[in-house]
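# Secondary and tertiary structure notes
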Amino acid sequence: MEQDTKPAGRGQYHHGDLRAHLVETVRVLVEEKGADGFSISEAARRAGVSSAAPYKHFHDRNEIVRAVALAGIDRMRDQMDAAALGARGTVLGPITALGTCYSNFARTEPGVFRLMFGLTDSHEGDQEIKERGDACAEIVRREVRLVLPKGTDEQEISRRAHMLHMFVHGHAFLEIDGKNDLDLTPEQEHALMFDISDRIMRD
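Residues numbered from 1 in each chain as written. Predicted model: local features only at pLDDT ≥ 70, side-chain atom pairs only at ≥ 80, totals over all residues. Heavy atoms only, no water.

With that settled, the discussion passes to the overall build of the protein. Counting its regular elements, the protein contains 8 helices and 0 strands. In the protein, the order of α-helices and β-strands from amino to carboxyl end is α-α-α-α-α-α-α-α. The 203 residues of the protein split such that 39% are buried. The long-range fraction of contacts in the protein, counting pairs at least 24 apart against all pairs at least 6 apart in sequence, stands at 67%. Carbon together with sulfur atoms contributes 52% to the accessible area of the protein, which is approximately 11200 Å² in total. (Helix = DSSP H or I, 4+ residues; strand = E, 2+ residues; numbered from the N terminus. Buried < 20%, exposed > 50% of the residue type's maximum accessible area, 1.4 Å probe, protein only. Contact = heavy atoms within 4.5 Å. Areas by Shrake-Rupley, 256 points an atom, 1.4 Å probe, with all protein chains shown as cover.)

Structure below.
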């Protein structure tokens with residue numbers, strides 16, 4: 001289900017929640033116009049606050065856009081964790097669910113998804129983004145670790161997790177860029193995710 005793209009109006013946030021209200025307003029603008037398609041003054045108007053209000057919480061435009069990316073990473077991490085835990089019961093269920101969840105997040109929030117991976121040339125340049133991204137990757141490693149034989153070294157676990165991410169990440173961008181000619185139904189995409197999980201996790 002697509003996220004609501006209607007920002008909250010004036011008076012719909014409580015005192016002390018202005019920062020979160022601005023981040024949500026900018027998230028909507030990112031989805032509508034892209035990360036470079038709006039100004040802080042436009043965000044303030046949408047949020048129903050003065051043009052000076054955002055600067056009580058953010059130094060500049062880059063800082064509020066970064067906050068949107070960080071919140072997006074956190075949402076994706078939580079969704080991935082819930083998807084994996086909810087699919088326990090079969091060997092490859094959690095890994096398959098992670099792939100589907102990742103693609104669904106990209107389709108639901110394509111602007112934020114692009115922002116998460118395009119905000120810096122390298123995530124090594126932003127320690128907080130790197131740490132939160134690593135938390136998402138650790139969920140994949142956790143599930144890979146549970147499937148591989150006990151005692152498998154961490155390098156091999158990371159290698160398999162990276163292979164899974166390479167496939168799903170590429171698939172997600174093909175989807176949101178409109179370059180996936182397969183036109184898969186949800187059932188077909190689930191089957192594809194299972195197939196790639198099986199191929200990569202097979203001994």
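Once the structure has been displayed, the description carries forward.
A positive phi angle, close to 50 degrees, is found at Asp183, a residue other than glycine. Here Asp183 lies in the loop between α7 (154-176) and α8 (186-201). Overall, Asp183 belongs to the exposed group, its relative accessible area being 66%.

Turning next to the packing of aromatic side chains. Using the criterion set out here, one finds 4 aromatic pairs in the structure. On the basis of an interplanar angle of 50 degrees and a centroid distance of 5.1 Å, the ring pair of Phe113 and Phe173 is categorised as tilted. Of this pair, Phe113 sits in helix α5 (residues 110-118) while Phe173 sits in helix α7, and the two are 60 residues apart along the sequence. With relative accessibility at 22%, the residue Phe173 sits in the partly exposed group. When the centroid spacing of 6.5 Å and the interplanar angle of 70 degrees are considered together, the rings of Phe117 and Phe173 count as edge-to-face. Taken together, the positions of Phe117 in helix α5 and Phe173 in helix α7 put the pair 56 residues apart, joining distant regions of the chain. (Phe/Tyr/Trp six-rings, centres within 6.5 Å; stacked < 30°, edge-to-face > 60°.)

Before going further, it helps to spend a moment on the environment of Arg45. Within the secondary structure layout, Arg45 lies in helix α2 (residues 40-47). Classification of Arg45 as exposed rests on a relative accessible area of 60%. When the C-alpha positions of Arg45 and Thr25 are compared, they lie 9.7 Å apart, and in sequence the two are 20 residues distant.

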